[in-house]
Amino acid sequence: TYDELLQRTIDYADAIRHQAPGATIAGPSIRGWQIYFYSALDQAEGIDKRPDRRVHDDLPLLAWYLGKLRGHERRTDVRLLDMLDVHFFPLDGTQQAGESITNEQRIRATRSLWDPTFRDDRLGKEPMRLIPRMQHLIQENYPGLGLSIGAYGFGAESEMSGALALAEALGRFGQLGVAAAYHWRAPVAGSPADFAFRAYRNYDGKCSTL
């Protein structure tokens, strides 16, 4: 629920601050389009009913969550959250290498990170624009936080479609000022996905970076 998510964040982050004051704390580490707007209870009951959201001023979950943590900082002078963290796996069920249509979808899916004109068919008419959407959410509700993509992946890392999707995502993370992004599992050495990382972090074999 809204309240459970907030309280768990406060409890754990407060403990971390006491033990490691300089730690960077990211949260709430969630994934999926609906969870940005509705709690697990809302989704279980049906988002048309959204009983949890309705008793929290009908505010989208992340907007409410950030606002409450900002209020907590104002009252206590302790910042419990440094980065808003969300996860990004756009191709659930189609992450394995395969048909050309899947490979095309994989590369196009990177546009959900940034493109205001790109609409994922699974989301209806609403563009995801994950990075600018989350940055706007931060600016509106808790200015000063960074944005973390706590886990992401496109699959097919042994094929060029996976490597191209990964290279595109890495470029967008840098271009748009994402503070941190964590690829789900290290690519196999020498794989196309590995070379996508090398293009930014070791393009000449001498640790030169872009």
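Undergrad: Lay out the overall build of the protein in plain terms, naming residues and giving numbers.
TA: When its secondary structure is counted, the protein shows eight helices and four strands. Going from the N terminus to the C terminus, the protein shows its helices and strands as α-β-α-α-α-β-α-α-β-α-β-α. Scaling as 2.2 N^0.38, a compact globule of 210 residues should have a C-alpha radius of gyration of about 17 Å, and the protein matches this with 19 Å. Across its three principal axes, the protein shows a C-alpha extent of roughly 50 × 40 × 25 Å. Taking the contacts inside the protein whose residues are at least 6 apart along the sequence as the reference set, 66% of them involve residues at least 24 apart. Charged side chains of the protein number 25 positive and 27 negative; the gap between the two group centres comes to 3 Å.

Undergrad: Would you mind going over a nonpolar patch on the surface in detail, with residue names and values included?
TA: On the surface, Ile107, Met160 and Leu164 cluster together into a nonpolar patch covering about 280 Å² of accessible area. For isoleucine 107, the position within the fold is in helix 5 (residues 100–109). Assessed through its relative accessible area of 35%, isoleucine 107 is described here as partly exposed.

Undergrad: Let's hear about unusual backbone geometry: which residues, and what values?
TA: Cis geometry marks the peptide bond from glycine 27 to proline 28; its omega dihedral reads 5°. With respect to the secondary-structure elements, proline 28 resides in strand 1 (residues 26–31). Despite not being glycine, arginine 129 shows a phi value in the positive range, around 40°. With respect to the helices and strands, arginine 129 occurs in the loop between helix 5 and helix 6 (130–141). For arginine 129, a relative accessible area of 27% translates into the label partly exposed. Backbone geometry at arginine 185 places phi at a positive 80°, although glycine is not the residue there. Looking at where arginine 185 falls in the secondary structure, it is placed in the loop between strand 4 (180–183) and helix 8 (192–201). Classification of arginine 185 as exposed rests on a relative accessible area of 63%.

Undergrad: Describe in detail the nonpolar core, supporting the description with residues and values.
TA: Generally speaking, a soluble globular protein has its nonpolar side chains buried in company with each other. Grouped together as the largest cluster of nonpolar side chains are 44 residues, with contacts concentrated most on Tyr36, Leu66, Leu130, Met134 and Phe173. Broken down by secondary-structure element, the contributors of at least two residues to this core are helix 1 (2–19), helix 4 (61–76), strand 2 (83–88), helix 6, strand 3 (146–152), helix 7 (160–175) and helix 8. Among the elements that line this core, the one with the most residues is helix 4, at seven residues. Contact partners of tyrosine 36, with chain neighbours within four places excluded, come to Ile30, Pro60, Leu61, Leu62, Val86, His87, Leu130 and Met134.

Undergrad: Which residues make up the confidence of the model for the protein, and what are the values?
TA: Regions with low pLDDT carry predicted coordinates that are not meant to be interpreted in detail. Overall, the predicted model of the protein reaches an average pLDDT of 91, with 92% of residues at or above 70. Averaged pLDDT values for the elements of the protein fall to 84 in helix 5 and rise to 98 in helix 4.

Thresholds, definitions, all that
Residues numbered from 1 in each chain as written. Predicted model: local features only at pLDDT ≥ 70, side-chain atom pairs only at ≥ 80, totals over all residues. Heavy atoms only, no water. Helix = DSSP H or I, 4+ residues; strand = E, 2+ residues; numbered from the N terminus. Rg over C-alpha atoms; globule rule 2.2 N^0.38 Å. Contact = heavy atoms within 4.5 Å. Lys, Arg positive; Asp, Glu negative; His and termini not counted. Charge placed at Lys NZ, Arg CZ, Asp CG, Glu CD. Patch = residues over 30% accessible without salt bridge, like charges linked within 9 Å, V, L, I, M, F, W, Y side chains within 5 Å. Areas by Shrake-Rupley, 256 points an atom, 1.4 Å probe, with all protein chains shown as cover. Salt bridge = Lys/Arg side-chain N within 4 Å of Asp/Glu carboxyl O. Buried < 20%, exposed > 50% of the residue type's maximum accessible area, 1.4 Å probe, protein only. Core = buried A, V, L, I, M, F, W, Y, C linked by side-chain atoms within 4.5 Å. pLDDT = per-residue confidence, 0-100.

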